[in-house]
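Okay, here's what each chain looks like letter by letter:
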Amino acid sequence: MIDAGIHVVIASGNSNFKADISGGVDYNNSSAGYYYHRGSSPYNDNAFYVGNIDFAVRSRLNEFNAWETGLEQINNKSIKICVAGVGTVGLPLATFLANSGFSVTGLDISKNRVDEINSASVKFEYPDDLKKAIAKKKLKATTNVEEAIKNTTAIFVCVPTPLNNENAIDISNLKDVANRISPFLKRGTIVIVESSVSIGTTKTMGEIIEKMTGMKIGIDFGLAYCPERYNPSLP
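As the structure is a prediction and not an experimental result, all values here were calculated from the model. (Residues numbered from 1 in each chain as written. Predicted model: local features only at pLDDT ≥ 70, side-chain atom pairs only at ≥ 80, totals over all residues. Heavy atoms only, no water.)

Undergrad: Run through the overall build of the chain, naming residues and quoting values.
TA: Within the chain, the regular secondary structure consists of seven helices and 10 strands. Counting across all 235 residues of the chain, residues that qualify as buried make up 40%. Of all intrachain contacts in the chain linking residues separated by at least 6 positions in sequence, the fraction that spans at least 24 positions is 61%. For the chain, the accessible area works out to roughly 13400 Å², and carbon and sulfur atoms hold 50% of it. (Helix = DSSP H or I, 4+ residues; strand = E, 2+ residues; numbered from the N terminus. Buried < 20%, exposed > 50% of the residue type's maximum accessible area, 1.4 Å probe, protein only. Contact = heavy atoms within 4.5 Å. Areas by Shrake-Rupley, 256 points an atom, 1.4 Å probe, with all protein chains shown as cover.)

So, in structure tokens, the structure goes:
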């Protein structure tokens, strides 16, 4: 790993340029067709010299720049968020994200639910917060998938996953979300599953998206699991 704050000197043809790395980046991959070594330099005694630059190195630097840009966008609240499933779990999440300054669109299959949210008349634990988010035009709901995820950076999936007759988690709602969002999913989006699921379910959902879009997890789009610990069946 390259230490935080160290300089990286990349040799490409007859030109050298210096890049400051503020976080650890793993360049230790001899099969990628490049090499590095420690040594004295005009820039820093602890600099790495990287020779035979190829796509792998450039890709890592691009990833680092994208990571920095993403953090800046989050801190500036400039990203658009979609919450798929604005029920017991999804609506509070959408509401508080909106009141934190993010532009949020709730996606639901129920038109009645959507109408109640947009009119701030839905009954749930935080009615005043919902009214505030709607009044500030930071939160809206829709049944239209394309509208919901247009220009979206993050999609939180909060659909129900009840137990079926065999006492196994029913992931049909998750599969439905994957099928519905895939035609409109753009590169660079991260899909975050908050629904309660068993081990391997997030991967299954990601594989559906990969198959439908031709994109790859971790390369073209992000996939994460952030479980919600709330149980709607409990008082």
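Undergrad: I'd like a rundown of the nonpolar core, residues and numbers included.
TA: General note: in soluble globular proteins, nonpolar side chains tend to be found buried as a group. Grouped together as the largest cluster of nonpolar side chains are 25 residues, with contacts concentrated most on I81, V83, V104, I117, L130, L139 and F156. Where this core is concerned, the elements lending two or more residues are β5 (80–84), α2 (90–99), α3 (111–118), α4 (127–135), β7 (139–142) and β8 (154–157). Per-element tally for this core: the top contributor is α2, with four residues. If near-sequence neighbours (up to four positions away) are discounted, V83 is found in contact with G90, L93, A94, V104, T105, G106, L107, F156 and C158. Ranked by size, the runner-up nonpolar core spans 23 residues in total, among them A84, L107, I149 and F221. (Core = buried A, V, L, I, M, F, W, Y, C linked by side-chain atoms within 4.5 Å.)

Undergrad: So what's going on with the environment of F156? Residues and values would help.
TA: Relative to the assigned elements, F156 resides in strand β8. Excluding residues within four positions of it along the chain, F156 makes contact with I81, C82, V83, A84, L93, L97, I192 and E194.

Undergrad: An account of the side chain of T152 is requested, with residue identities and associated values reported.
TA: Topologically, T152 is positioned in the loop between α5 (145–149) and β8. The class for T152 is buried, based on a relative accessible area of 1%. Among the polar contacts made by the side chain of T152, one reaches the main-chain carbonyl oxygen of A148 at a distance of 3.2 Å. When neighbours within four sequence positions are excluded, T152 is seen to be in contact with K80, I81, C82, K186 and T189. (Polar contact = N/O pair within 3.5 Å; in protein donor to acceptor, adjacent residues only side chain to side chain.)

Undergrad: Kindly report on α2, identifying the contributing residues and their values.
TA: The element α2 is extensively covered by neighbouring structure, given that seven of its 10 residues are classed as buried. Of the residues making up α2, those classed as buried are G90, L91, P92, A94, T95, L97 and A98. On its buried face, α2 is in contact with β5, β6 (103–107), α3, α4, β7 and β8.

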